[in-house]
Amino acid sequence: SPPPPPLPSNLIVIIPAYNEYDRLPNTLHNYVSYLNSSPLWGRGSGQLDNDQKGDDSCCHSSILVVDDGSTDGTFQLIQNLYGTQNDDDDDKIKHGNYYNDGARGGVQVKCISLPQNEGKGSAIAYGLSKIECSDNKDDTIVLVADADGSGDITYLDDMVVSLASLIIKRKSCSSSPPPNDDSNDIWNTPACVIGNRGNDSSSLKRSILRWGFRTTVKLFCNDLGVSDTQCGFKLYTANAATVLYKDLNLKRWSHDVEVLYRARELGMAVDEMEVGWVDMEGSKLVGSVSSSSFPFSSFFKESGGIAVVSMQMLLEVLWMRFQYIFGRWRV
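Residues numbered from 1 in each chain as written. Predicted model: local features only at pLDDT ≥ 70, side-chain atom pairs only at ≥ 80, totals over all residues. Heavy atoms only, no water.

Caption draft 1: Representation of the nonpolar core. Counting 46 residues, the largest nonpolar core has Leu28, Leu35, Ile63, Leu156 and Phe233 as the members making the most contacts within it. With seven residues, the top contributor of residues to this core is helix α6 (residues 156-172). The residues touching Phe233, leaving out its near neighbours within four places in the chain, are Tyr31, Leu143, Val144, Ala145, Gly151, Asp152, Ile153, Met159, Ile194, Gly195, Val275 and Trp277. Counting residues in hydrophobic clusters, the runner-up holds 41 residues, among them Val66, Ile124, Tyr245 and Val317. (Core = buried A, V, L, I, M, F, W, Y, C linked by side-chain atoms within 4.5 Å. Buried < 20%, exposed > 50% of the residue type's maximum accessible area, 1.4 Å probe, protein only. Helix = DSSP H or I, 4+ residues; strand = E, 2+ residues; numbered from the N terminus. Contact = heavy atoms within 4.5 Å.)

In C-alpha cells:
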C-alpha cells in the first residue's frame with residue numbers, strides 16, 4: 001500500500017458561537033483533550049513530533065472561537081477559562097479547571113468577538129480573515145465545527161486522510177505534476193471534505209426537515225457534490241476556506257449552500273464522508289435566523305419553530321440562486 005501522505009503543519013479548528021455559555025465549555029474540553037492525546041496531533045508522543053517533524057518542531061493545533069455577538073457572557077467565559085485568570089475564578093469552578101497550554105506545546109484556545117450578532121457564516125468568515133494573511137496558510141487545514149459539540153472530533157483523523165486522498169486524486173487527474181513528499185505540495189490545493197450526518201436523528205421532525213431541505217437544495221442548485229450541506233463539521237484546506245467564505249452574501253445558517261455552490265462553480269475538489277453526530281438540545285437556530293436582515297425575514301419575525309425557520313432558509317437559498325443567475329452576485 002502507498003505510504004500515508006504528509007500531514008499539514010497547522011490545524012485550526014474554528015468554532016462559531018452565539019450565546020453558548022452553557023454548551024461551549026464542554027465542547028472545548030472534549031476537543032482539547034482529544035487533540036492533545038491524539039497519536040497524530042498530540043504532544044510528546046504524537047506522530048508529527050517523533051516521525052515527521054523532528055524534535056524541535058511539531059504540528060501546531062489551535063482552536064479559534066468566534067463569538068457572534070453573544071449577550072450571555074460567552075466571550076468573557078472563554079477568556080476566563082483559557083486566559084490568565086486565577087484558578088479560583090467563579091467560571092472555572094462552575095465548568096471545571098480548564099487551561100490554555102499552548103505555551104507548553106499543546107492546543108491553544110483563542111476567542112475573538114464580533115460587536116453584534118451577524119450570523120454563523122459571518123462569524124466563520126471573520127475567523128478565517130485572521131488566518132488569510134498567514135505565512136503558513138499553504139500548509140494549514142481548517143476544521144469548522146459547531147459550538148454544541150454535535151460533531152464527533154474523533155472523526156477528524158479520517159477526514160484528514162480523506163482530504164489528502166481527494167487532493168492527490170485531483171492532482172493525478174490534472175496536468176499538474178503529481179504531489180511530492182512536501183506537505184505544502186498537497187495542502188496548498190483548494191479542497192474540502194464535508195461531514196454527512198446521515199438521515200437518522202433523535203427527532204422525527206428533524207429527520208423529515210433534514211430530508212426536505214436536502215431535496216429542495218438539490219432541486220434549486222442541482223448537484224453540489226454533497227448530500228448534507230448543513231452538517232456542522234467541515235474540513236477545508238486554508239486556501240479553499242479563505243476563498244469560499246470571502247464576501248459571503250448569505251451570512252446565517254443557510255450560508256453553507258452558498259459556500260458549496262461557490263466551490264462547485266470554482267471547480268474545487270469536494271467530497272463528503274459520514275461522521276459521528278449527536279443532535280444536541282438547545283438549538284440556537286430559531287433565535288438567530290429570525291433576526292436576519294434577509295428580505296423575507298420580517299415575514300417570519302413573529303413565528304417560531306424549526307419548521308418555519310427551515311422554510312426561511314429555503315427561501316434564502318432560492319433568493320441566492322436567482323441572484324447568481326441574474327449576475328447580481330458573483331463567485
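From this point, the discussion proceeds with the structure in view.
Caption draft 2: Representation of helix α1 (residues 24-37) in the model. The first and last C-alpha atoms of α1 sit 20 Å apart over 14 residues, in line with the 20 Å expected at 1.5 Å per residue. Every buried residue belonging to α1 is among Leu24, Pro25, Thr27, Leu28, Tyr31, Val32, Tyr34, Leu35 and Asn36, and all of these are buried. (Expected span 1.5 Å × (residues − 1).)

Caption draft 3: Quick peek at a nonpolar patch on the surface. Residues Val243, Leu266 and Val331 make up a contiguous nonpolar surface patch of about 240 Å² in total accessible area. Tracing the backbone through its elements, the reader meets Leu266 in the loop between α10 (255-265) and β7 (269-274). (Patch = residues over 30% accessible without salt bridge, like charges linked within 9 Å, V, L, I, M, F, W, Y side chains within 5 Å. Areas by Shrake-Rupley, 256 points an atom, 1.4 Å probe, with all protein chains shown as cover. Salt bridge = Lys/Arg side-chain N within 4 Å of Asp/Glu carboxyl O.)

Caption draft 4: Here's a closer look at the pattern of salt bridges. A full pass over the atoms with the stated rule returns eight salt bridges. With a closest N to O distance of 2.8 Å, Asp256 and Lys234 form a salt bridge. One end of the pair, Asp256, is in helix α10; the other, Lys234, is in strand β6 (residues 233-237), and 22 residues separate them in sequence. The residues Asp256 and Lys234 share a single accessibility class, namely buried. Put simply, Glu265 and Arg264 hold a salt bridge, and the shortest N to O gap is 3.1 Å. A residue is classified by how much of its surface remains accessible, and Glu265, at 43% relative accessible area, is partly exposed. A single salt-bridge network, built from bridges that share partners, covers Glu20, Arg23 and Asp148.

Caption draft 5: Region of the structure containing the side chain of Asp157. Here Asp157 is to be found in helix α6. Overall, the relative accessible area of 12% leaves Asp157 in the buried class. When near neighbours in sequence (up to four residues on either side) are disregarded, Asp157 contacts Tyr34, Ser38, Leu40 and Trp41.

What is shown is where atoms sit, not what they do.
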